[in-house]
Amino acid sequence: MRILPLTCLGIEGTAHSFGAGVVSDQGKVLSNVWDMLSPQEGGIHPREASRHHSDKGPDIIAKALTEAGIGPHDITLIAFSRGPGLGPCLRATATMARSLALKLEVPLVGVNHCVAHIEIGCLESGFKDPVTVYVSGGNTQVIAFAGNRFRTFGETLDIAIGNMLDVFGRTMGMRFPAGPAIEQEAMKGHRYYSLPYSVKGMDVSYSGMLTAARRLQTEHIPLPDLCFSIQETAFGMLAEVAERAIAHTKKGEVLLTGGVARNRRLGEILAGVAARHNARFHTVTPPLAGDQGAMIAWTGILQYTAGDRLSVAESYVLPKWRTDEQDITWRNLS
Amino acid sequence: MEEPVLRLEKWAMGAESTIFKTEQWGYPIVLKWRPQKPYLLKDIDELLKKTRTNRECKMLTHARALGVSTPTVHWTDLENYTIAMDFIEGRQLKQLASTLPESRLREICFEFGQSVARMHRGNVVHGDPTTSNVLIDTRSRLWMVDFGLAEWNATTEMKGVDLHLIRRALETTHWDQQEVMLTATLEGYVNLLGSEAEPALSRMDVIRERGRYH
């Protein structure tokens, strides 16, 4: 039985952000509320993040419903981020999703967090089949659809780009997340200091760069120049692997998404890459770029419409769920 | 005396280069040109173009000395980031794979694995060992191309990354034939290296898990 029209509540909580969004089956985002754990100092501890989700979650969900102008009984579908992510965070989020599905007697769908980033980007841009550059605190992946799966053509061999920026920023006394502060500093920098540029096929590595940047910092190089050098090197590497993926797959659309997609310089570089290959380019807008519930809700609708259901009994979380492990039943491109 | 005119035909566009086909003394050759990328910082762009053109030209010859078939380099122009080399009449393994009978595909992959092993035995890694960079010519001979990311003095880690990239390329591009292709490629690799293959093979599995969100 299919209930139409669908109003889906999507709940996201894979890492430091908790979000709830309401989306209609027409692809209209009715609300999208989130809150991010931002410690006074240091990084993200999984236990603290999961506590943040259980403490703030119910209010965020209530707020999402209010902003969407609906009551709990108007929800016809619950979708939640089933993975990949930090175990404690995923479990706190799944618990809320299960309780709501049981209480409201509506179906439950488990969504892959990375796939959701791509689908919400496609909804916003109207793209059908892009090469997606997904960059955040926990992920650095170049993904494209092939043979019924979203396949990871390239990824980081060690740490994610956002993680590299955060750890460097922490050394400099910046608060988490450090990306925006680094971007501000970089705008004032102009002198380039060479940093290790590490591209292996379509993969990148950022740990060597991080070590070198921290060493340069002890040599009293002006912070703006250092941030400028870090950005140019790190984004240059991404541009190259994205370009390899475009040349290899011959796809005509490039989508930039994830929290680090908010960086303007990165958008500018990838727009240049897309132009060289006559591909269309879109950067997902800030409200939909980071981790939030609307992307989970929208992907939940796509999955549900294609016949996907998840019983509460089988709704265990998948902390190591790979992007390419899920059959994408709702896309029929090849 | 008339200036000789090169008739250039744009042959292919790669991620970092444009390939032109032309003739020299009646023989077909290709020019691999690394153009400027205006969206990159100039310092980075020039450093990459220079080091890669330089490295590719040396590595094509070095890999041949290790027993891997590579196109002969005719000349290089480091100012213009251009390499002139033999034109290989044939097709990429990427395009061929789905058209071949399984037995033939196994043979080619076995040979591909052996070629990679020859480089690794000489402590060289290819750096971008995808099926786009394996050519099969009209006489069924296998060639390796695109050495811009190749490196000398390769450690076990670097060889492990090379194997990881092969596995990745097969998973993403040849998802419906990946098992046959990977098995045959690794068989060829082990066939040539024997027990020396072990460290790089185990490292390949370690590397796969490393960058993942756990």
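Bear in mind that the values here come from a model prediction, so they are computed numbers and not experimental data.

A word on the environment of Glu268(A). All names here are of chain A. Counting through the fold element by element, glutamate 268 comes out in helix H8 (residues 264-276). Owing to 12 C-beta atoms within 10 Å, glutamate 268 belongs among the exposed residues under this scheme. For the pair glutamate 268 and serine 136, spaced 132 residues apart in the sequence, the C-alpha separation amounts to 17 Å.

Turning to the sheet that holds strand S6 (residues 131-135) of chain A, a few remarks are in order. Paired through their backbone hydrogen bonds, the strands of a sheet run either parallel or antiparallel. Residue and element names in this part refer to chain A. Strand order in the open sheet made by the five strands is S8-S7-S6-S11-S12, with mixed pairing throughout. Of all strands in the sheet, those with a lone pairing partner are strand S8 (149-155) and strand S12 (280-283), marking the two edges. Across the sheet, the mean angle separating the axes of adjacent strands is 20° when strand polarity is ignored. Relative to strand S11 (residues 253-257), S6 is paired through four bridges, and the arrangement is parallel. What sits directly across from valine 131, in S11, is valine 254. Sitting on the sheet, helix H3 (residues 113-125) is in contact with S6, strand S7 (140-146), S8, S11 and S12, with an inclination near 120° to S11.

All names here are of chain A. One finds Leu238, Ala242, Leu270 and Ala297 to be the most contacted residues of the largest nonpolar core, which totals 163 residues. Per-element accounting of this core gives the leading share, 13 residues, to helix H7 (residues 223-249). In this structure alanine 242 touches Val131, Val133, Val142, Val254, Leu270 and Val273, once residues within four positions along its chain are discounted.

All names here are of chain A. Here chain A is described as being made up of domain 1 (7-118 + 290-325) and domain 2 (127-288). Domain 1 and domain 2 are separated by 26 Å when their C-alpha centres are compared. Tallying the contact residues gives 16 residues for domain 1 and 20 residues for domain 2. At the level of elements, H3 and helix H10 (293-305) are the ones that each hand at least two residues to the side of domain 1 that touches domain 2. If one sorts the elements of the side of domain 1 that touches domain 2 by residue count, H3 sits on top with four residues. The residue inventory of the side of domain 1 that touches domain 2, partitioned by class, reads eight nonpolar, seven polar and one charged.

Take the packing of helix H4 (residues 156-173) of chain B against helix H6 (residues 198-210) of chain B next. Between two packed helices, the angle of one axis relative to the other and the distance separating the axes together describe the packing. Residues and elements named next belong to chain B. Running from N to C, H4 and H6 point in directions that differ by 65°, and their axes come no closer than 7 Å. The angle between the axes of H4 and H6 places the two elements in the roughly perpendicular class. Two packed elements cross with a definite hand, and for H4 against H6 that hand is right-handed. Counting all contacts with H4, which are made through Thr156, Glu157, Lys159, Gly160, Val161, Leu163, His164 and Arg167, the residues of H6 involved are Pro199, Ala200, Leu201, Arg203, Met204, Ile207 and Arg208. Residues of the contact of H4 with H6, tallied by class, amount to seven nonpolar, three polar and five charged.

Turning our eyes to something else, we now look at the environment of Thr130(B). Within the secondary structure, Thr130(B) sits in the loop between helix H3 (102-121) and strand S7 (134-137). Its 23 C-beta neighbours within 10 Å are what place Thr130(B) among the buried residues. Ignoring anything within four residues of it in the chain, the contact list for Thr130(B) reads Gly201(A), His248(A) and Ala169(B).

The partner chain A presents 33 residues to the 27 residues of chain B that form the contact. Looking at the side of chain B that touches chain A, the elements with two or more residues in it are helix H1 (42-65), H4 and H6 of chain B. Here the side of chain B that touches chain A is built from residues that sort into 13 nonpolar, seven polar and seven charged.

Take the domain arrangement of chain B next. Residue and element names in this part refer to chain B. Each domain of chain B was delimited in the assignment, giving domain 1 (9-86) and domain 2 (90-210). The partner domain 2 presents 13 residues to the 14 residues of domain 1 that form the contact. When its residues are assigned to classes, the side of domain 1 that touches domain 2 shows six nonpolar, four polar and four charged.

A separate point is H7(A). All names here are of chain A. Look at H7: 39 Å from first C-alpha to last across 27 residues, which is about the 39 Å you get at 1.5 Å a residue. With 22 of 27 residues buried, H7 lies mostly within the body of the structure. Of the residues one or two after H7, lysine 250 is the one with positive phi, at around 60°.

Criteria and cut-off values
- Residues numbered from 1 in each chain as written.
- Chains lettered and ligands numbered in written order.
- Predicted model: local features only at pLDDT ≥ 70, side-chain atom pairs only at ≥ 80, totals over all residues.
- Helix = DSSP H or I, 4+ residues; strand = E, 2+ residues; numbered from the N terminus.
- Buried ≥ 20, exposed ≤ 12 C-beta atoms within 10 Å, placed from the backbone.
- Pairing = 2+ DSSP bridges.
- Axes fitted to C-alpha atoms, helices over the stretch in contact; angles between N-to-C directions.
- Contact = placed C-beta atoms within 7 Å.
- Core = buried A, V, L, I, M, F, W, Y, C linked by C-beta atoms within 7 Å.
- Domains from an automatic or database assignment.
- Nonpolar A, V, L, I, M, F, W, Y, C, P; charged D, E, K, R; others polar.
- Parallel < 35°, antiparallel > 145°, perpendicular 65-115°, else oblique.
- Left-handed = near helix turned anticlockwise from the far one by under 90°.
- Expected span 1.5 Å × (residues − 1).

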